[in-house]
Each structure stands twice: as C-alpha cells, then as structure tokens.
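Coordinate inspection notes
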Amino acid sequence: MYWLTRPPLLRWVAAAALLAGALAFDMSERRTEPFPFAARSLPAGAPVDDDDVEWRDVPTGLLGEVVPPAGIAIHAVTAGAPLVAGTVGDGAPIPSGWWSVPIHLPPAAAIGAKVRLVADHPPIDVQGVVSQPGSTGAFSVADPGAVAVPPHAAGPVADAVRNGTLTVLVGT
C-alpha cells in the first residue's frame with residue numbers, strides 16, 4: 001500500500017525554500033573592495049613595491065582596513081598571502097650609518113624590534129635594531145639573524161659574537 005501514503009510535502013517546501021535562499025544570496029550584490037596580496041614570495045626584510053603587489057576584490061571589511069603596502073616585509077610572506085598591517089612595516093629598520101652584525105636571535109625578535117646587546121668580554125651594553133630575523137630551516141638548522149648597531153659598537157659586538165659571550169635581550 002505504498003502508493004496510498006501521503007507525499008512528503010514538507011520536505012519539498014523546505015528544499016524549495018533552500019534553493020530560493022541560495023539563489024537570492026547568489027544574485028545579491030555584495031560590496032567588495034580591492035585588497036593587496038603578495039604577487040610573489042617575499043623574504044623577511046625585503047622591500048615591498050608596486051611590482052610585489054597584486055590587487056584582488058574581497059568582501060568589504062573581511063581583512064581589515066585597506067592600507068597601500070609600502071616599506072619592508074616584517075615577516076616572510078608567501079605568494080598569494082594578503083598584505084595586512086602586521087606584514088609590511090614602514091621604512092628601513094636600520095638607521096643611516098649603522099652596521100648590521102649576524103647574531104643568533106630568539107624567535108620573538110622580528111624586524112624592527114629593539115634589542116639590547118650585553119657582554120662581559122669585551123664589555124658591551126648597547127642597543128640595536130633587528131634588521132633580519134633568524135630562521136629555522138629544514139632539519140632544524142638555525143640561520144642567524146642580523147642586528148644593526150651604531151658604528152662605534154660594531155667591532156666589539158662582532159668580537160663578542162665570535163667569542164660566544166654575547167647575550168641578546170629583546171624589548172617590548
């Protein structure tokens with residue numbers, strides 16, 4: 001007596017309502033805005049210019065405020081990643097005339113972070129700026145970062161790094 005059962009009208013109405021809602025959502029005009037994305041992979045510390053940026057339309061407010069990227073990449077950026085406020089910094093982090101010394105840095109040290117370099121032999125207590133963060137590559141091989149220091153401190157800091165007596169303090 002299968003042919004005498006009532007048809008599933010409620011299911012048909014629900015399916016029709018779902019299709020109508022999907023069609024209305026698809027046909028609606030959602031507001032979009034152009035947002036910058038990385039056109040190629042950028043290593044940390046690389047300058048970001050117009051050739052490195054690809055503009056794509058995204059829903060308004062999805063990725064935050066649109067700020068035209070200019071400056072340097074604070075962190076490594078993969079191709080196609082959005083260039084949000086924390087990705088690109090203003091200007092070069094190294095003051096004019098300072099020297100950049102390769103130093104093994106803690107993971108919290110990002111480009112532009114202020115650090116304090118301290119050593120006993122030779123006696124050093126100088127402030128610097130992280131010019132390139134350290135990274136851990138494949139097989140846990142750590143690449144040293146770099147810290148910019150004033151010209152008068154470059155030699156003693158390099159000696160302390162060579163002797164293994166340098167301590168890096170990261171500021172907040």
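Just so it is clear, the structure is predicted and the values come from calculations on it, not from any experiment. Here, residues in each chain are numbered from 1, in the same order as that chain's written sequence. Local features are withheld for residues below a pLDDT of 70 in this predicted model, meaning they are given only at 70 or higher, and side-chain atom pairs are given and counted only at 80 or more; totals for whole chains, interfaces and linings count all residues. Hydrogens and water are ignored here; the side-chain numbers use all heavy atoms of the structure.

Across soluble globular proteins, you tend to see nonpolar side chains buried next to one another. Among the nonpolar cores identified, the biggest contains 19 residues, and Ile103, Leu105, Leu117, Val147, Val149, Val157 and Leu166 are the most heavily contacted of them. A run of DSSP states H or I qualifies as a helix once it reaches four residues; a run of E qualifies as a strand once it reaches two. Both are numbered from the N-terminal end. Residue assignment for this core shows that the elements contributing at least two residues are strand E6 (99-103), strand E7 (114-119), strand E8 (124-132), strand E11 (145-149) and helix H2 (151-163). Broken down by element, the residue count for this core peaks at four residues, all from H2. Throughout this description, the term nonpolar core refers to a set of buried Ala, Val, Leu, Ile, Met, Phe, Trp, Tyr and Cys residues connected via side-chain atoms within 4.5 Å. Exposure categories follow from relative accessible area, calculated using a 1.4 Å probe and restricted to protein chains: below 20% of the type maximum is buried, above 50% is exposed, and the middle band is partly exposed. With nine residues, the next largest nonpolar core counts Ala73, Val77, Leu83 and Val88 among its residues.

Quick look at the pattern of salt bridges now. Where charged atoms from two side chains of opposite charge come close, those side chains can pair. Any Lys or Arg side-chain nitrogen found within 4 Å of a carboxyl oxygen on Asp or Glu counts as a salt bridge. Within the structure shown, the criterion is met by four salt bridges. Its salt-bridge partner being Arg40, residue Asp52 comes within 2.7 Å of it at the nearest N-O pair. One end of the pair, Asp52, is in the loop between strand E2 (47-48) and strand E3 (53-59); the other, Arg40, is in the loop between strand E1 (32-38) and E2, with 12 residues separating them in the sequence. Residue Asp52 is classed as buried on the basis of its relative accessible area of 4%. For Arg40, a relative accessible area of 41% translates into the label partly exposed. Residue Glu54 pairs with Arg56 through a salt bridge whose shortest N-O separation is 3.3 Å. Residue Glu54 is classed as partly exposed on the basis of its relative accessible area, which comes to 34%. Of the residues examined, Arg56 reaches a relative accessible area of 32% and is grouped as partly exposed.

The antiparallel open sheet is built from five strands, whose spatial order is E6-E11-E8-E7-E12. Each edge of the sheet is formed by a strand with only one pairing partner; in this case those strands are E6 and strand E12 (167-170). The average undirected angle you get between the axes of adjacent strands in this sheet is 40°. Across six bridges, E7 lies against E8 in antiparallel orientation. What sits directly across from Arg116, in E8, is Gln127. Should DSSP find at least two bridges between two strands, the strands are regarded as paired. Think of each axis as a best-fit line through the C-alpha atoms, taken over the contacting stretch in the case of a helix, with angles from 0 to 180 degrees between the N-to-C directions.

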